[in-house]
Amino acid sequence: MTASAHAAHLAELNVATLRHPLDDPRMTPFVEMLDPVNTAADGAPGFVWRLVEEGAADATGLRPAGEDVIVNLSVWETQEALWDFTYRSGHLEALRRRREWFHRHVEAHLVLWWIPAGHLPTVGEALERLAHLRAHGPSPRAFTFASSYTATEATRSSRPTPGHADL
């Protein structure tokens, strides 16, 4: 994990449903992109942390959302840092080709949320945020690039309203 002067960091989870098993030859181009893209993420400005399976270089072996679903969970200093990596780096090539490797999701497949700097989100926490987004739509608790909230808005919304019981 890299050091940061920010009080809050942005966590992100995205899930992708595989068209074929990772060892299928049709997945070879995706598998070959994993190391270069992950290396680029690790060195990207604003990168803090990413989920990696113990003893592996990535998290593709983890299947907490289903046997055919891979997860990517990472933490970034700012939303801008994540945006720049996602859309202004070699990662963009993987995005452009995603329909070759993954089924189209009908419901949200990406969720963003603010966490205190130094906190590493668990997969369970991430999947809960995705479920919240799917059930309730974007909010300061769980949002997307298209419907984002600031860390300040997230902090304000998590405080109990004076005079009301915490539910």
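Residues numbered from 1 in each chain as written. Predicted model: local features only at pLDDT ≥ 70, side-chain atom pairs only at ≥ 80, totals over all residues. Heavy atoms only, no water.

1. Focus on the environment of Ala16
If you trace the backbone, Ala16 turns up in strand β1 (residues 8–17). Note: C-alpha distance between Ala16 and Leu110 (94 residues apart in sequence) is 9.2 Å. For Ala16, the residues in contact, after removing those within four places along its chain, are Asp68, Val69, Ile70, Phe102 and His105. (Helix = DSSP H or I, 4+ residues; strand = E, 2+ residues; numbered from the N terminus. Contact = heavy atoms within 4.5 Å.)

2. A look at a positive patch on the surface
Together, Arg19, Arg98, Arg99 and Arg104 make up a positively charged patch on the protein surface. Turning to its location among the elements, Arg98 is positioned in helix α4 (residues 98–101). (Patch = residues over 30% accessible without salt bridge, like charges linked within 9 Å, V, L, I, M, F, W, Y side chains within 5 Å. Areas by Shrake-Rupley, 256 points an atom, 1.4 Å probe, with all protein chains shown as cover. Salt bridge = Lys/Arg side-chain N within 4 Å of Asp/Glu carboxyl O. Lys, Arg positive; Asp, Glu negative; His and termini not counted. Charge placed at Lys NZ, Arg CZ, Asp CG, Glu CD.)

3. Digging into helix α1 (residues 28–43)
Compared with an ideal rise of 1.5 Å per residue, which puts 16 residues at 22 Å, α1 spans 24 Å between its outermost C-alpha atoms and is within 8% of the ideal. The sharpest bend along α1 comes to roughly 35°, located at Leu34, with the proline Pro36 sitting one to four residues further on. Taken residue by residue, α1 has Phe30, Met33, Leu34, Val37, Asn38 and Ala41 as its buried positions. Where α1 is buried, its residues contact β2 (47–50), β3 (69–76), α2 (79–87), α3 (91–96) and α4. (Expected span 1.5 Å × (residues − 1). Bend = angle between axes of the 7 residues up to and from the residue. Buried < 20%, exposed > 50% of the residue type's maximum accessible area, 1.4 Å probe, protein only.)

4. Brief notes about the confidence of the model for the protein
Summing up the model confidence of the protein, the mean pLDDT is 91 and the portion of residues at 70 or higher is 92%. pLDDT under 50 marks residues 161–167. Its contacts with residues more than four places away, or in other chains, come to one contact. (pLDDT = per-residue confidence, 0-100.)

5. Focus on the pattern of salt bridges
Scanning the model with the defined rule gives seven salt bridges in all. The partner of Asp84 in a salt bridge is Arg88, with the nearest N and O atoms 2.4 Å apart. Under the relative-accessibility criterion, Asp84 is labelled partly exposed at 33%. With a closest N to O distance of 2.9 Å, Arg97 and Glu100 form a salt bridge. Where salt bridges share partners, they join Glu128, Arg129 and Arg141 into one cluster.

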